[in-house]
Amino acid sequence: MGASRTRMVGFLAEPVFMIVFFTVSFVAQSTIPYIVQQKWVAGAGAFFSPAHILLLIAFLMLILAEGGKIPVDHPSGHFELAMIDESKGLEFSGRGAALMKWGGQMKFLVLTCIFLNVLLAPWGLAHGNALGAVLAAVPLILFKVLLFALVLVAIESSLAKLRLFRISEFLGAAFIISVAAMVTSIFPGA
Amino acid sequence: MPTSIPDALNALCAGLILISAFAMVATRQVQGVVRFFVIQSLLLAASCFLLGYSRSSVHLWALGAITIAAKVVAIPWILRRLLPGDFYERREISQAVNIPSSLLIALLLTIASEFLTGPLVTAVHDPVVRVNLPIGLAGVLIGAYSLMARREAVPQLIGILAMENGAFFAGIAIASELPIIAELAVAVDVILIAVVVGLVTRNIRQTLGTTEAAALSELKEEPAAWR
């Protein structure tokens with residue numbers, strides 16, 4: 001049951017993901033993350049452009065859905081019907097359960113790192129492969145993830161969980177917002 | 001691309017105004033619709049202040065202050081006074097079109113407004129007009145659409161007011177020296193609309209027990225029995 005629900009959320013989230021990266025490549029004329037983040041930090045005009053704001057909101061909704069956070073999923077509940085990502089782990093035990101949990105958390109961490117380092121706060125990354133710069137970038141990304149986790153706590157504690165069939169509306173709204181981001185970036189209006 | 005900091009923050013307001021227009025279409029609860037309208041009006045006022053600062057125009061400051069007084073403070077207060085609390089907490093406003101389709105239509109309206117303002121925007125080499133005009137027009141169209149799709153009185157009223165927000169957001173970029181008398185007239189007008197619609201809704205609700213506009217299409221002598 002958990003696997004089929006995760007699959008449902010996954011394929012609803014997929015178009016949002018694709019449109020977000022299309023938009024990014026439209027704006028930055030590139031799909032390489034390092035070029036994209038240079039585009040955003042180029043100036044306040046680029047950072048605060050409507051396309052960027054819409055992208056951030058869409059990607060945040062995507063993280064909430066894919067990372068098993070409260071408006072979509074309620075991992076800490078005791079009721080299997082209310083869980084999505086967590087109920088996958090209930091069907092396994094031992095190493096299997098550990099791998100399931102690990103996989104879910106890794107998905108969340110990867111999405112968060114993309115959100116923070118490419119879209120939201122592309123500052124303080126290592127330029128080049130000097131050992132000191134890389135070592136300095138590691139605690140910085142952990143700090144950014146910590147700050148983002150605090151924001152997530154605020155979001156999770158202020159919202160109620162959606163019903164299962166509202167999830168498609170939630171991700172539909174994320175899709176609409178990401179397409180609006182693309183529209184405002186490809187027309188001459190932005 | 002806008003470059004100065006106030007213009008950049010104005011673009012931030014533009015993006016958030018578009019999102020709050022989508023949110024007004026997507027929200028089921030009357031309370032939520034009013035809340036997103038207040039947020040949108042606050043963003044409009046912030047945009048007025050930012051443009052008033054960057055273009056050193058007193059009129060825009062006045063417009064921002066009027067927006068806060070009328071749309072952020074007065075209209076929610078009037079609606080809350082006139083209509084009972086259970087009306088606000090009701091969910092699932094019945095809509096002519098369901099919410100995902102409404103959002104898709106709102107997206108199409110956004111695309112249309114970008115497409116329609118494209119030639120105008122390329123003719124004017126002003127970065128603020130480039131940001132404000134398409135999103136303001138999208139706000140007008142989405143407000144008009146929610147006026148059509150919603151069936152309850154208060155969300156319809158909010159649809160009218162959201163149209164006005166969109167028109168103002170496009171207008172402050174084009175004509176920053178709007179005479180203050182026009183702004184005042186519009187502000188009083190908006191409050192009057194809210195009072196009239198609120199009173200009418202209250203009377204309709206007392207007589208018929210519903211505030212659904214669709215239920216008013218037939219003439220009835222007695223309180224309706226379909227609800």
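Here the structure is shown first, and the text comes after it.
For the structure given in this document, a descriptive report is provided here. Just so you know, these numbers come straight off a predicted model, no measurement behind them. (Residues numbered from 1 in each chain as written. Chains lettered and ligands numbered in written order. Predicted model: local features only at pLDDT ≥ 70, side-chain atom pairs only at ≥ 80, totals over all residues. Heavy atoms only, no water.)

1. Examining the overall build of chain A
When its secondary structure is counted, chain A shows eight helices and zero strands. From first element to last, N terminus to C terminus, chain A shows the α and β order α-α-α-α-α-α-α-α. Against the compact-globule benchmark of 16 Å for 190 residues, chain A has a radius of gyration of 18 Å, which places it among compact chains. For chain A, buried positions account for 47% of its 190 residues. Taking as baseline every contact in chain A between residues at least 6 positions apart, the subset at least 24 positions apart corresponds to 72%. Entry remark: accessible area of chain A is about 9400 Å², with carbon and sulfur atoms responsible for 72%. For chain A, the separation between the mean place of its 12 positive charges and that of its 9 negative charges on side chains is 3 Å. (Helix = DSSP H or I, 4+ residues; strand = E, 2+ residues; numbered from the N terminus. Rg over C-alpha atoms; globule rule 2.2 N^0.38 Å. Buried < 20%, exposed > 50% of the residue type's maximum accessible area, 1.4 Å probe, protein only. Contact = heavy atoms within 4.5 Å. Areas by Shrake-Rupley, 256 points an atom, 1.4 Å probe, with all protein chains shown as cover. Lys, Arg positive; Asp, Glu negative; His and termini not counted. Charge placed at Lys NZ, Arg CZ, Asp CG, Glu CD.)

2. Regarding the packing of aromatic side chains
Residue and element names in this part refer to chain A. A full pass over the atoms with the stated rule returns six aromatic pairs over all chains. Centre to centre, the rings of Phe17 and Phe21 are 5.3 Å apart; their planes meet at 90°, and the pair counts as edge-to-face. In this pair, Phe17 and Phe21 both sit in helix 1 (residues 2-28), four residues apart, roughly one turn of the helix. Given a relative accessible area of 34%, Phe21 falls into the partly exposed group. Through a chain of ring-to-ring contacts, the aromatic side chains of Phe17, Phe21, Phe59, Phe115 and Phe148 assemble into a single cluster. (Phe/Tyr/Trp six-rings, centres within 6.5 Å; stacked < 30°, edge-to-face > 60°.)

3. Some thoughts on the pattern of salt bridges
In this structure the tally under the stated criterion is four salt bridges over all chains. Among the ionic pairs, Lys107 of chain A bridges to Glu66 of chain A, the shortest N-O distance being 3.3 Å. In this pair, Lys107 of chain A is assigned in helix 6 (residues 95-120) and Glu66 of chain A in helix 4 (residues 50-66), connecting sequence segments 41 residues apart. Taking relative accessible area as the criterion, Glu66 of chain A reaches 16% and is therefore assigned buried. Two residues, Lys71 of chain B and Glu164 of chain B, come together in a salt bridge whose shortest N-O distance is 3.3 Å. With Lys71 of chain B in helix 3 (residues 58-82) and Glu164 of chain B in helix 7 (residues 153-174), this pair connects stretches of sequence that are 93 residues apart. (Salt bridge = Lys/Arg side-chain N within 4 Å of Asp/Glu carboxyl O.)

4. Here's the deal with the environment of Thr31 of chain A
Residues and elements named next belong to chain A. Position of Thr31 relative to the elements: it lies in the loop between helix 1 and helix 2 (33-40). For Thr31, a relative accessible area of 67% translates into the label exposed. As for Thr31 and Leu116, which are separated by 85 residues in sequence, their C-alpha atoms are 16 Å apart.

5. Points about the side chain of Asn117 of chain A
Residues and elements named next belong to chain A. Position of Asn117 relative to the elements: it lies in helix 6. Among the polar contacts made by the side chain of Asn117, one reaches the side chain of Lys144 at a distance of 2.9 Å. In contact with Asn117, other than residues within four places in its own chain, are Gln37, Pro122, Leu125, Ile141 and Lys144. (Polar contact = N/O pair within 3.5 Å; in protein donor to acceptor, adjacent residues only side chain to side chain.)

6. As for the environment of Val129 of chain B
All names here are of chain B. By secondary structure assignment, the location of Val129 is in helix 6 (residues 127-149). For the pair formed by Val129 and Ile174, sequence separation is 45 residues and the distance between their alpha carbons is 6.5 Å. Those residues in contact with Val129, other than ones at most four positions away along the chain, are Val121, Val124, Pro134 and Ala173.

7. A word on the packing of helix 5 (residues 99-123) of chain B against helix 6 of chain B
Residue and element names in this part refer to chain B. Viewed as axis vectors pointing N to C, helix 5 and helix 6 meet at an angle of 140°, and their least axial separation amounts to 8 Å. By the criterion of interaxial angle, the relationship of helix 5 to helix 6 is oblique. The element helix 5 and its partner helix 6 pack so that their crossing is right-handed. Of helix 6, the residues touching helix 5 (which contributes Ser102, Ile105, Ala106, Leu109, Thr110, Ser113, Glu114, Leu116, Thr117, Leu120 and Val121) are Val129, Arg130, Leu133, Pro134, Leu137, Ala138, Leu141, Ile142 and Tyr145. (Axes fitted to C-alpha atoms, helices over the stretch in contact; angles between N-to-C directions. Parallel < 35°, antiparallel > 145°, perpendicular 65-115°, else oblique. Left-handed = near helix turned anticlockwise from the far one by under 90°.)

8. With respect to the side chain of His52 of chain A
Of note, His52 of chain A is situated in helix 4. Apart from residues no more than four positions distant in its own chain, His52 of chain A is found in contact with Trp40, Ala46, Phe47 and Leu119 of chain A.

9. Digging into the nonpolar core
Ranked by size, the top nonpolar core spans 84 residues in total, and within it Phe59, Phe115 and Leu119 of chain A together with Phe22 of chain B carry the most contacts. A total of twelve residues in this core trace back to one element, the largest contributor, which is helix 8 (residues 167-186) of chain A. Residues in contact with Phe115 of chain A, not counting those within four places in the same chain, are Leu56, Phe59, Leu60, Ile63, Leu120 and Phe148 of chain A. One finds Val33, Leu79, Leu82 and Leu161 of chain B within the second-largest nonpolar core, a separate group that totals 17 residues. (Core = buried A, V, L, I, M, F, W, Y, C linked by side-chain atoms within 4.5 Å.)

10. A word on the interface of chain A and chain B
Tallying the contact residues gives 23 residues for chain A and 31 residues for chain B. With both chains or domains summed, chain A and chain B bury close to 2200 Å², and 79% of this area falls on carbon and sulfur atoms. Looking only at chain A, the three residues that lose the most surface to chain B are Phe48, Ile176 and Phe187 of chain A, adding up to 23% of its buried area. The salt bridge involving Arg28 of chain B is made with Glu169 of chain A; its shortest N-O contact spans 2.9 Å. (Buried area = accessible area lost by both parts, 1.4 Å probe.)

11. Notes on helix 5 of chain B
In this model helix 5 of chain B runs 36 Å from its N-terminal to its C-terminal C-alpha over 25 residues, within 8% of the 36 Å that 1.5 Å per residue would give. By the largest-angle criterion, Thr117 of chain B marks the main kink of helix 5 of chain B, which is about 45°, and a proline, Pro119 of chain B, follows within four residues. Next to the buried residues of helix 5 of chain B lie helix 8 of chain A together with helix 1 (5-26) and helix 6 of chain B. (Expected span 1.5 Å × (residues − 1). Bend = angle between axes of the 7 residues up to and from the residue.)

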